[in-house]
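# Descriptive analysis of the structure
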Amino acid sequence: MNASASEANYALPGTISFDEAHRPRLMGGLCAQCGAKVFPKPKICSGCWSTEQQDLALATRGKLYSFSIVHAARKGWPSPYAIAYVDLDDGVRICAPLEADLAHPPTLDITVELIVGTLRAHADGTPVLSHRFKPVQEAR
Ligand SMILES: [Zn+2]
């Protein structure tokens, strides 16, 4: 994965950037009026209705707030898969797939980190990429 990967292969084009080391960052919005941080970046703040929304590179780690294992997946999606809410370290709550051993589901409040992976495939097999989270392997 690198910064030159085609945006056409992303489920949400323009929401992921890569730093010099090719680590992914989610790009959210920061409201210039009230300071609300949101993902993805809105055109209008849902809190104060301001249209002054700035780009904001979000934290890459957070805590697993909740997740659910989905067995009835949409066409082209792997099954089963886990979908999660993650509370990023900068306070933004993100809904995203969770990459984990579903036979041994993770516990809540563990630290997770942002990765980019395959969300699903087009009918011709072309992968569609998206942001997702995986548990951080803590040093023992
Ligand atoms: Zn606002």
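Residues numbered from 1 in each chain as written. Predicted model: local features only at pLDDT ≥ 70, side-chain atom pairs only at ≥ 80, totals over all residues. Heavy atoms only, no water.

### Some remarks on the coordination of the zinc ion
With distances of 2.3 to 2.4 Å, the protein atoms coordinating the zinc ion are Cys31 (SG), Cys34 (SG), Cys45 (SG) and Cys48 (SG). Here the zinc ion binds 4 donor atoms, and the angle range of 100 to 116° at the metal identifies the geometry as tetrahedral. Written as a sequence motif, the donor arrangement for the zinc ion is C-x2-C-x10-C-x2-C. Within this pair, whereas Cys34 is found in the loop between strand E2 (24-31) and strand E3 (37-38), its partner Cys48 is found in the loop between E3 and strand E4 (53-57), the two being separated by 14 residues in sequence. (Donors = N, O, S within 2.8 Å, 3.2 Å for Na, K, Ca; no water. Tetrahedral: all angles 85-135°; square planar, octahedral: opposite > 155°, others 65-115°. Helix = DSSP H or I, 4+ residues; strand = E, 2+ residues; numbered from the N terminus.)

### A word on the packing of aromatic side chains
In this structure the tally under the stated criterion is 1 aromatic pair. Plain terms: the ring middles of Trp77 and Tyr81 are 5.2 Å apart, the flat faces sit at 45° to each other, and that makes the pair tilted. Here Trp77 falls in the buried class, since its relative accessible area comes to 18%. The aromatic ring of Tyr65 is capped on one face by Arg93, whose charged end is 3.6 Å from the ring centroid. (Phe/Tyr/Trp six-rings, centres within 6.5 Å; stacked < 30°, edge-to-face > 60°. Buried < 20%, exposed > 50% of the residue type's maximum accessible area, 1.4 Å probe, protein only. Lys NZ or Arg CZ within 6 Å of the ring centre and 35° of its normal.)

### Some details on the domain arrangement of the chain
Think of interface size as the accessible area that goes away when the parts come together; that is how it is often given. For the chain, the domain assignment lists domain 1 (12-58) and domain 2 (60-140). Residue-level contacts link 11 residues of domain 1 with 11 residues of domain 2. Ranking the residues of domain 1 by area buried against domain 2 places Pro24, Leu26 and Leu58 at the top, with a combined share of 51%. Viewed at the interface, domain 2 and domain 1 are joined by 0 salt bridges. Where domain 1 meets domain 2, there are 0 residue pairs in polar contact (both at pLDDT 80 or more). In terms of residues, the side of domain 1 that touches domain 2 owes the most to one element, E2, which gives 3 residues. Along the lines of polarity and charge, the residues of the side of domain 1 that touches domain 2 split into 9 nonpolar, no polar and 2 charged. (Domains from an automatic or database assignment. Contact = heavy atoms within 4.5 Å. Buried area = accessible area lost by both parts, 1.4 Å probe. Salt bridge = Lys/Arg side-chain N within 4 Å of Asp/Glu carboxyl O. Polar contact = N/O pair within 3.5 Å; in protein donor to acceptor, adjacent residues only side chain to side chain. Nonpolar A, V, L, I, M, F, W, Y, C, P; charged D, E, K, R; others polar.)

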